[in-house]
2 protein chains.
Amino acid sequence: MDSTKRASIYTGKNEEYEASVTSPVNIAVIKYWGKRDSDLILPTNSSLSCTLSQDDLHTKTTIRASRLFEADRLWLNGVEEQVATSKRLSNCIAQARAFRKELETNSQVVETIATKERPLSEWKLHIISENNFPTAAGLASSASGYAALVQALANLFELTLDQTELSKISRLGSGSACRSMFGGFVEWRGGESPSGEDSYAYCVAPQSHWPSMHALVLVVSDDKKGTSSTSGMSTTVNTSTLFAERVKSIVPKRLQKIKEAILSHDFSTFAEITMQDSNQFHAVCMDTYPPIFYMNNTSKAIVHLVHLFNSQLHPETNAPKGIRAAYTFDAGPNAVIYAEEQHIKELVQLISYFFPPAKAQSFRAYFPDAYKIFESSDDHLDISTVCDEQLISDYKKSMVRFDPGSIRRIIHTRIGDGPRAISHTCGLANEIGMPKRAKD
Amino acid sequence: MDSTKRASIYTGKNEEYEASVTSPVNIAVIKYWGKRDSDLILPTNSSLSCTLSQDDLHTKTTIRASRLFEADRLWLNGVEEQVATSKRLSNCIAQARAFRKELETNSQVVETIATKERPLSEWKLHIISENNFPTAAGLASSASGYAALVQALANLFELTLDQTELSKISRLGSGSACRSMFGGFVEWRGGESPSGEDSYAYCVAPQSHWPSMHALVLVVSDDKKGTSSTSGMSTTVNTSTLFAERVKSIVPKRLQKIKEAILSHDFSTFAEITMQDSNQFHAVCMDTYPPIFYMNNTSKAIVHLVHLFNSQLHPETNAPKGIRAAYTFDAGPNAVIYAEEQHIKELVQLISYFFPPAKAQSFRAYFPDAYKIFESSDDHLDISTVCDEQLISDYKKSMVRFDPGSIRRIIHTRIGDGPRAISHTCGLANEIGMPKRAKD
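Residues numbered from 1 in each chain as written. Chains lettered and ligands numbered in written order. Predicted model: local features only at pLDDT ≥ 70, side-chain atom pairs only at ≥ 80, totals over all residues. Heavy atoms only, no water.

Per an unreviewed UniProt entry, chain A is named Diphosphomevalonate decarboxylase, and its organism is Smittium simulii. The Sequence similarities (unreviewed entry) field of the UniProt record for chain A holds the comment "Belongs to the diphosphomevalonate decarboxylase family." As stated in UniProt under Pathway (unreviewed entry), the record for chain A gives "Isoprenoid biosynthesis; isopentenyl diphosphate biosynthesis via mevalonate pathway; isopentenyl diphosphate from (R)-mevalonate: step 3/3." (UniProt positions renumbered as here; feature names shortened; annotations may be inferred.)

So this is what it looks like as C-alpha cells:
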C-alpha cells in the first residue's frame, strides 16, 4: 500500500481510509464543443489542451471512506451538495466502485481486518472538495473538480488502472475533465465507438517538454448571465449549419498541425492555430440559433491587443517581431493568453495599461505576480510604475483604454503536471471525516 | 424626351442638361460577403434585400452636363471629392458614357443644337450628391449613393437600358448598390460568368406585395473604428475555413426558402432565415483571421431582446405569440429590425425601455415617429409615458437596462420603391451647376 496515496486512520477501534489529491485546470487550444452522446459524454471531435500549473490553480479533494458512514456525501467549497441528484457525479463514483469491486472479487487487493469484514467498495464516502480560485473568477471548475474526484477515488480504492483508463471515468463527470488527468499537452481522442471505450485522454508532451510556455488568465468583468456550456453545445449541434464542416474537415487537420507544432516547439504555429480555433468555436456559437455570445467588448479588445502585439515591428530594424502571444476564450468572456516566459512582462505592461485595475484595487490584488515580474520592492507599485510609455505609444493609435476594472485580475501561470496525491495532513477532512471548513 | 427625367437648362446661349434622382437604401436579409472578382465586383454568392422607403432614407443626386465644364467633378454632402482617384466611380461614369456613345453612334438619340455640335457623351459632368441621413448614423451610403449616381446618369443620357442592365453598372460602384435599383424585395443574382454579364439585380416582389412589412433602424453608439466591408470580406474569403461551406451549401438553400416565404407572406420563415443569415455572416467574420467583430454589447442585447419578444406567450392562453420580429446586422453595430406594422408599437416600447434615450435627448429626437406611433399630442412624451410596465415586466427577468444613449436613434420605415426621378427645382445644383449648399 502506497502510503502517500492513501492514509489509514484509526478512530477508536475503527479503521478508515482517506485519499487527498489536487488536480489542475486545463485550457483547450483545440476546442471541445458538441457531444455525440450526452450520457456517456462522447464528443463530436477530438480536442487538445494545456494543463495549467496546480501551484496557481487547482481543485483539492479529500475522500474519506468509513464503514460507519451512512450515505455518500459531498461538500463543495464548504457547502453540502446532494450526490444522488447529480447523475454525472453518481456515474463517476459507481464506475470507480465497480472497478474496486472487480479487484475484490478477483482477490487482487491486500485485505485488512476492516475490509475483510466488509469490502471497501461497499463503504460510504465523504467527499470534500475545494477550488483555490473563486467561482467568481469565471474559471470552469468542472474539469479540475472531476479529475480530482476520480484521482482521489482511484487512490482510495487502489485501482490498478492507468491514467488513460481513469480519464474515461472522469470524462463521465465532465468531458474536459479527462484532459486534467495528465500534465503537459493533452489530447482527448474523441473516438468513434458508441461505448466510449476509445474516447480518452493521453499525454502528447509532458510538462517538461516546453518549460518556457506560460499563460496569463485574464478575468474579465461581466454582468451577463451566460449560456451553460452543456446546453450551449447541444443547441449548436442541433442548429448551426456550419458546425458539421468544422467537425468533419477542419478540426482533424488543425489537431495534427498543432501537435507537430508542440513537438517542435514552434510557438508561432501553435499560437495561430490556437487563436483560429478559439475564433471558430465562437463563430459556431454565433451561428447557433438563437446565437450564443460568450465574448464581450472587453474580450474583443483583448483579441485586438494580442494581434497588435503580434504585428509589432522592431523599432530599429522594422523587422516583424513575430507571433509571440495567443489568446483563447472558453464559454465566457475570460481570456487565457499563452506566451513564452520572456514576453510575459511586456504583455502585462500592455494589458494593465489598456485594462487598468479598478479604482480602489491595488496593483498587487490585480496582478498578484507584480513584485516578481517587475522585480520591485516598492510598496507602491502601480500602473504608472510598470507601464512603459515607449512601448504603449504605438498601441494607442488603435486601442482605447477601457474603464478601470474591466479586467478584474491577471493570474500568471505556466504548464503544469497532472493530479498529485497529497498527504493526509494537508487534506480537507477533520478527524471524523467531516469538512475542516464548512459554511453554515 | 421625358421632361421629368431630364431638364434642359439655358444659361445664356448655352443649353445644359440636368437629371436629379433619389435612391433608396437596402438592407440584406441574405448577406453579400465575399467577392470572386474585386474589379468587376462579382460576389461569391447571391444575396437578397429589402429596399427601404426613400421617404425616410435616401441619397439625392443631381448631375449637370455642360459643354463648358472643364472636368468631371463630384460633391458629396457638400464636400468636393476627387473623381479620378476613385476607380469605382470612374468605372460607373465610363460605363454609362459608353452606352450613351453607342446610342449616339447608332443615331438613336434625339439630337439638339447643343448635342449636335458635340455629343453629350463627351460633355463633362458636375455630380452633386447628399444623403438625408447623417454619416454618423452608421448606415452604409454606398448602395443608395451608387444607385442614385447610375440612375441619374441613365436619365441624363436617356439610356435605353432596363433596371436590370443599370444594376450591372451600379454594381461596379458598390456591390450592394445593384439591389437599390429596384423597390420591394430584390435578389442580386451572383452569376458565374467572369465577365459579370449574369451578375445583376431583379425584383422578386414589388413594394406593393407586402405593405405591412415595416422596419426599425436602431442606430447603436460605438466608439470603435470598424473594419471596412471591402477589406473585411476579402480577409474572410482568404482566411475563414467555414466560409466556403456557407457559400456552397447554405446560402443557395436559404435563398430559395426566403423567396418562397416572401411570396407567400410567411413572416415567421422570413424572420428565422433573416436572423440565421445575419448570425452566420457575423460567424464567418469571427472565423476570419484576425477575427472581425461588428456587433458590440448593445447589438447582442438587441438580439436577445428580439428572441425574448419572439418567445413571448399570450398571458391568458399561454399559447406562443410566434415569431414577430427579425433582427439583421450589417458591417457595424446597428440593428435593423423587420416586423409587421401591428407589432411596431410594442417593439418600440421594449427597445426604448431597455435602451433609453441619452440624458439630454428628447424622446422625439430619439424616435422621430413617437407622436405618430403613440398617437399623442402631449408635448412631454417620454419613456415613462410610452412604456407599458405590464409588457416589460417579463423581459426584466433576463434583460438589464442599458446606459442611456446606447441606442442613439430609432428610425421607423417600411419597404419602399426604387430610384425616383425628381424635378429640377428639387435638385441640388444652382444655376451654374454648382452645389446649392457647399461646405467651406
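### What about the overall build of chain A?
For chain A, the helix and strand inventory stands at 13 helices and 17 strands. Taken over the C-alpha trace, chain A has a radius of gyration of 23 Å; the compact-globule value for 440 residues is 22 Å, and the two agree within 12%. Principal-axis analysis of the C-alpha atoms gives chain A an extent of 75 × 55 × 40 Å. Across the 440 residues that make up chain A, the buried fraction comes to 58%. Put simply, 75% of the contacts in chain A that link residues at least 6 apart link residues at least 24 apart. For chain A, the accessible area works out to roughly 18200 Å², and carbon and sulfur atoms hold 51% of it. Here chain A contributes 47 positively and 50 negatively charged side chains, and the mean placements of these two sets differ by 3 Å. (Helix = DSSP H or I, 4+ residues; strand = E, 2+ residues; numbered from the N terminus. Rg over C-alpha atoms; globule rule 2.2 N^0.38 Å. Buried < 20%, exposed > 50% of the residue type's maximum accessible area, 1.4 Å probe, protein only. Contact = heavy atoms within 4.5 Å. Areas by Shrake-Rupley, 256 points an atom, 1.4 Å probe, with all protein chains shown as cover. Lys, Arg positive; Asp, Glu negative; His and termini not counted. Charge placed at Lys NZ, Arg CZ, Asp CG, Glu CD.)

### Looking at empty space enclosed by the protein
Applying the stated rule across the entire model yields one cavity of 30 Å³ or more. The space that makes up the largest cavity amounts to roughly 120 Å³. Together, 14 residues line the largest cavity, and Met286(A), Phe293(A), Met286(B), Phe293(B) and Lys300(B) are the ones closest to its centre. (1 Å grid on protein atoms, 1.4 Å probe; cavity = no way out; pocket = protein on both sides within 12 Å on 5 of 7 lines; lining within 4 Å. Points joined across faces, edges and corners; volume = space filled by probe spheres on them.)

### A short note on the nonpolar core
In this structure, Phe270(A) and Phe270(B) are the most contacted members of the largest nonpolar core, which totals 267 residues. Excluding anything up to four places from it in sequence, Phe270(B) contacts Val29(B), Cys50(B), Phe185(B), Trp210(B), Met213(B), Ile258(B), Ala261(B), Ile262(B) and Tyr338(B). (Core = buried A, V, L, I, M, F, W, Y, C linked by side-chain atoms within 4.5 Å.)

### Some remarks on the domain arrangement of chain A
Residue and element names in this part refer to chain A. Under the domain assignment used here, chain A contains domain 1 (7-207 + 421-426) and domain 2 (213-414). The distance between the C-alpha centroids of domain 1 and domain 2 comes to 30 Å. Contact with domain 1, which involves 31 residues of that partner, is made by 42 residues of domain 2. Buried surface at the junction of domain 1 and domain 2, both sides included, amounts to about 2800 Å², of which 69% is carbon and sulfur. For the domain 1 face of the interface with domain 2, the top three residues by lost area are Ile30, Lys31 and Trp33, together amounting to 30%. (Domains from an automatic or database assignment. Buried area = accessible area lost by both parts, 1.4 Å probe.)

### Side note on the packing of aromatic side chains
All names here are of chain A. Considering all chains together, one arrives at 32 aromatic pairs over all chains under this definition. Ring geometry for Tyr353 and Phe354: centres 4.9 Å apart, planes at 85°, overall edge-to-face. Across the pair, Phe354 and Tyr353 agree in class, each one buried. One aromatic cluster in this structure is built from Phe185, Trp210, Phe267, Phe270 and Tyr338. Here the guanidinium or amino end of Arg6 rests over the ring plane of Tyr17, the centre of that ring lying 3.9 Å away. Over the ring of Tyr371 we find Arg364; its NZ or CZ atom is 4.0 Å from the centre of that ring. (Phe/Tyr/Trp six-rings, centres within 6.5 Å; stacked < 30°, edge-to-face > 60°. Lys NZ or Arg CZ within 6 Å of the ring centre and 35° of its normal.)

### Focus: the relation of the copies chain A and chain B
Take chain A, turn it by 180°, move it 0.0 Å along the axis, and it overlays chain B with an RMSD of 0.0 Å. Here the copies are linked by what is in effect a two-fold axis. Closest to the rotation axis within chain A is the C-alpha of Ala283(A), separated from it by 2.1 Å. The share of interface residues of chain A whose copies in chain B are also at the interface is 100%, consistent with both copies meeting through the same surface. (Least-squares fit on C-alpha atoms with pLDDT ≥ 70 in both.)

### Overview of the interface of chain A and chain B
Taken together, the contact pairs 29 residues of chain A with 29 residues of chain B. Between chain A and chain B the total buried area reaches about 2500 Å² when both faces are included, carbon and sulfur atoms providing 65% of it. Considering only the side of chain A, the residues that lose the most area to chain B are Leu242(A), Met286(A) and Tyr289(A), jointly responsible for 27% of the buried surface there. At the surface where chain A touches chain B, the tally comes to zero salt bridges. The tally of links between chain A and chain B comes to nine residue pairs in polar contact (both at pLDDT 80 or more). Of all elements in the fold, only α6 (243-263), α7 (267-286) and α8 (297-310) of chain A reach the threshold of two or more residues within the side of chain A that touches chain B. Ranked by residues supplied to the side of chain A that touches chain B, first place goes to α7(A) with nine residues. (Salt bridge = Lys/Arg side-chain N within 4 Å of Asp/Glu carboxyl O. Polar contact = N/O pair within 3.5 Å; in protein donor to acceptor, adjacent residues only side chain to side chain.)

### Examining the side chain of Arg64(A)
With respect to the helices and strands, the residue Arg64(A) is situated in strand β7 (residues 58-66). Polar side-chain contacts of Arg64(A) include one of 2.7 Å to the backbone oxygen of Asn430(A).

### Notes on the sheet that holds strand β12 (residues 200-205) of chain A
Residues and elements named next belong to chain A. The four strands are arranged β3-β6-β11-β12 in an open sheet whose pairing can be described as antiparallel. Strands with a single pairing partner mark the edges of an open sheet, and in this sheet they are β3 (26-30) and β12. When strand polarity is set aside, the average angle formed by the axes of neighbouring strands in this sheet is 35°. Packed onto the sheet, helix α4 (residues 163-173) meets β11 (185-189) and β12 and runs at close to 130° relative to β12. (Pairing = 2+ DSSP bridges. Axes fitted to C-alpha atoms, helices over the stretch in contact; angles between N-to-C directions.)

### Focus: the pattern of salt bridges
Opposite charge on two side chains allows them to pair when their charged atoms are near. Across all of its chains, the model carries 43 salt bridges over all chains by this definition. One salt bridge in this structure joins Glu80(A) and Arg73(A), with 2.8 Å as the shortest N-O distance. Judged by relative accessible area, which is 32%, Glu80(A) ranks as partly exposed. The partly exposed category is assigned to Arg73(A), whose relative accessible area is 28%. Ionic pairing is found between Asp330(B) and Lys31(B), a salt bridge with its closest N-O pair at 2.6 Å. Placement of Asp330(B) in the loop between β14 (325-329) and β15 (335-340) and of Lys31(B) in the loop between β3 (26-30) and β4 (35-37) is noted, with a sequence separation of 299 residues between them. Its relative accessible area of 31% is what places Asp330(B) among the partly exposed residues. If you follow the salt bridges from partner to partner, you end up with Glu16(A), Glu18(A) and Arg64(A) in one network.

### Re the sheet that holds β15(B)
All names here are of chain B. Strand order in the open sheet formed by four strands is β14-β15-β13-β16, with antiparallel pairing between adjacent strands. Every interior strand has two partners, whereas the edge strands, β14 and β16 (407-414), have only one. The sheet shows a mean angle of 20° between the axes of neighbouring strands, direction not considered. Where strand β13 (residues 213-220) and β16 come together, seven bridges link them in antiparallel fashion. Along β16, the bridge assignment pairs Val220 with Ile407. On top of the sheet, helix α9 (residues 344-354) reaches β13, β14, β15 and β16; it is set at about 15° to β13, its chief contact.

### Digging into the environment of Asp394(B)
Residue and element names in this part refer to chain B. Among the secondary structure elements, Asp394 is positioned in helix α13 (residues 389-396). Distance from Asp394 to Ala365, taken between C-alpha atoms, is 28 Å for residues 29 residues apart in sequence. Among the polar contacts made by the side chain of Asp394, one reaches the side chain of Lys397 at a distance of 3.3 Å.

### Looking at the packing of α7(A) against helix α7 (residues 267-286) of chain B
Here α7(A) crosses α7(B) at 180°, and the two axes come no closer than 8 Å. Overall, the two elements α7(A) and α7(B) adopt an arrangement that is roughly antiparallel. Packed against α7(A), whose contacting residues are Asn279(A), His282(A), Ala283(A) and Met286(A), the element α7(B) presents Asn279(B), His282(B), Ala283(B) and Met286(B) at the interface. In terms of residue class, the contact of α7(A) with α7(B) is built from four nonpolar, four polar and no charged. (Parallel < 35°, antiparallel > 145°, perpendicular 65-115°, else oblique. Nonpolar A, V, L, I, M, F, W, Y, C, P; charged D, E, K, R; others polar.)

### Some thoughts on α9(B)
An α-helical turn contains 3.6 residues, so a residue and the one three or four places further along point in the same direction. With 10 of its 11 residues buried, α9(B) lies for the most part within the structure. Looking only at α9(B), the buried set comprises Ile344(B), Glu346(B), Leu347(B), Val348(B), Gln349(B), Leu350(B), Ile351(B), Ser352(B), Tyr353(B) and Phe354(B).

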